Structure formats: structure tokens, C-alpha cells
Amino acid sequence: MQTEPKGAPARAIMDSPIKATALRAGFDLYQEGAVSFAKYKPFMRTWYPALKLNGEAGEVAEKVGKAFRDNDGIFDMQRRQDIAKEIGDVLWYCAAVARDLGLSLGDCAIGNFTKLIDRADRDVLGGSGDNR
Ligand SMILES: [Mg+2]
């Protein structure tokens, strides 16, 4: 019996020029809209959103942890909505850091899929090391 390769949906996107273009464009469109709300000063570029990105990721973890501490690990609708807002904040700061570095969020997304597919093909999805 043939099993699907790891990341089959991502591979299908990357194998389709139309889908890969749509993926990149969607992230780039989000980035364009998101950073239009940026209000930090020019000297704060890159380091400020990078710090805040870490803070927002912590807020996601905090809310997940509280679901276990206070609610037996049950993610009711309110908790999931609260976490969704924090994930959105993480996404916003990803867009801002990328913009400040002159990076396209769409290219970051495509690059991430490329990396993960390569790792899956080499059977090194587990383990550690940024460049494995
Ligand atoms: Mg937040």
C-alpha cells in the first residue's frame, strides 16, 4: 500500500505554479495590509517587532498553558478565539519584521515549504539544527 509522502498538501501547492503563486500573493497581500498599521518609529525597525513577536508568541503559550491549569486542557470556544487573536498578533509581527528586513512574507512562506519538503525527503524533519 502506497502512503502519501509527508507534507502532501504542501507538495501539491509547490508543484502547482498557480497555487504557489497564490500562496505567495496571499501572504504578500496580508503583509502589505498588516504593515500599513505599523506605528513604531524608524529607529525601532526590525528590533522592535522582533521583540514583540517573541512577546506575542509567549501570549499564545500563556493562553494554552492556562487552558491546562484552569480548564483541564479543554479549549472552549472563548479560549480558542482568544488564542486565535494572539496567533494573529504573531502573524502581524512576522509581517513587520520581514518588511523591515526587506523580505516578502510570501517568499518566507514559500521558503519554509521548500525547506520542510527537503527535510522530509531526507528524513530529517525531527532532530535539531537550523540547517540540517
Ligand atoms: Mg497579543
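As a reminder, the structure under discussion sits directly above these lines.
This write-up is about the structure you can find in this document. All residue numbers here refer to positions counted from 1 along the written sequence of the relevant chain. At least 70 in pLDDT is required for a residue's local features to be given in this predicted model, at least 80 for side-chain atom pairs to be given and counted, and no such filter applies to totals for whole chains, interfaces and linings, which use all residues.

1. Section: the overall build of the protein chain
Helix numbering and strand numbering both begin at the N terminus, where a helix is a DSSP run of H or I of at least 4 residues and a strand a DSSP run of E of at least 2. A count of helical and extended segments in the protein chain gives 5 helices and 0 strands. Its C-alpha atoms put the protein chain at 50 × 45 × 30 Å along the principal axes. We call a residue exposed when 12 or fewer other C-beta atoms sit within 10 Å of its C-beta, buried when the count reaches 20 or more, and partly exposed for counts in between; the C-beta positions come from the backbone. For the protein chain, the proportion of its 132 residues judged to be buried stands at 11%. We call two residues in contact if the C-beta atoms placed from their backbones are at most 7 Å apart. Considering only residue pairs separated by 6 or more positions, the protein chain has 72% of its internal contacts joining residues 24 or more positions apart.

2. Focus: the nonpolar core
Any nonpolar core is a set of buried residues, restricted to Ala, Val, Leu, Ile, Met, Phe, Trp, Tyr and Cys, that join up through C-beta atoms within 7 Å. Counting 10 residues, the largest nonpolar core is built from Phe27, Trp92, Tyr93, Cys94, Ala95, Ala96, Val97, Ala98, Leu105 and Ala109. Among the elements of the structure, helix H4 (77-100) and helix H5 (105-121) are those that each provide at least two residues to this core. Looking at this core, the element that brings in the most residues is H4, giving 7 residues.

3. Side note on H4
A helix is expected to span 1.5 Å multiplied by its residue count minus one. Taking 1.5 Å as the rise per residue, H4 with 24 residues should run 34 Å; its terminal C-alpha atoms sit 35 Å apart, in good agreement. Along H4, the residues that are buried comprise Trp92, Tyr93, Cys94, Ala95, Ala96, Val97 and Ala98. Close packing links the buried residues of H4 with helix H2 (17-35), helix H3 (47-71) and H5. Phi for Gly102, located one or two positions after H4, is positive at around 75°.

4. Regarding the packing of helix H1 (residues 8-15) against H5
Axis angles are defined between N-to-C directions and span 0 to 180 degrees, where every axis is a line fitted to C-alpha atoms and, for a helix, only to the segment in contact. At their nearest, the axes of H1 and H5 sit 10 Å apart, and the two run at 125° to each other. Comparing their axes, H5 and H1 come out oblique. Both H1 and H5 take part in a crossing whose hand is left-handed. Along the contact surface, H1 presents Ala10, Arg11, Ile13 and Met14, while H5 presents Phe113, Thr114, Leu116 and Ile117. Three categories are distinguished: nonpolar for Ala, Val, Leu, Ile, Met, Phe, Trp, Tyr, Cys and Pro, charged for Asp, Glu, Lys and Arg, and polar for the others, with Gly belonging to the last. Here the residues of the contact of H1 with H5 are counted per class, giving 6 nonpolar, 1 polar and 1 charged. Small angles under 35 degrees read as roughly parallel and large ones over 145 as roughly antiparallel, with 65 to 115 read as roughly perpendicular and the rest as oblique. What makes a crossing left-handed is the near helix being turned counterclockwise from the far one by less than a right angle; a clockwise turn instead makes it right-handed.

5. Overview of H5
An ideal rise of 1.5 Å per residue puts 24 Å on 17 residues; H5 measures up with 24 Å between its terminal C-alpha atoms. Looking at H5, one finds that the buried residues are Leu105, Gly106 and Ala109. End-on view of H5: buried residues confined to an arc of 115°, all on one side of the axis. In H5, the exposed positions angled more than 90 degrees off the buried face are occupied by Gly111 and Asp118. Within this analysis, the arc is defined by the directions that extend from the helix axis to the C-beta atoms.

6. What to know about the environment of Tyr48
Relative to the helices and strands, Tyr48 resides in helix H3. For Tyr48 and Ser104, which are 56 residues apart along the polypeptide, the C-alpha to C-alpha distance reads 18 Å.

7. With respect to the environment of Ala57
Relative to the elements of secondary structure, Ala57 occurs in helix H3. Assessed through the 16 C-beta atoms surrounding it within 10 Å, Ala57 is described here as partly exposed.

8. Things to note about the packing of H2 against H4
Remark: H2 packs on H4, axes separated minimally by 9 Å, with the N-to-C direction vectors making an angle of 90°. Judged on the interaxial angle alone, H4 and H2 are roughly perpendicular. Residues Tyr30, Gln31, Ala34 and Val35 of H2 form the contact with H4, whose participating residues are Trp92, Ala95, Ala96, Ala98 and Arg99. Here the residues of the contact of H2 with H4 sort into 7 nonpolar, 1 polar and 1 charged.

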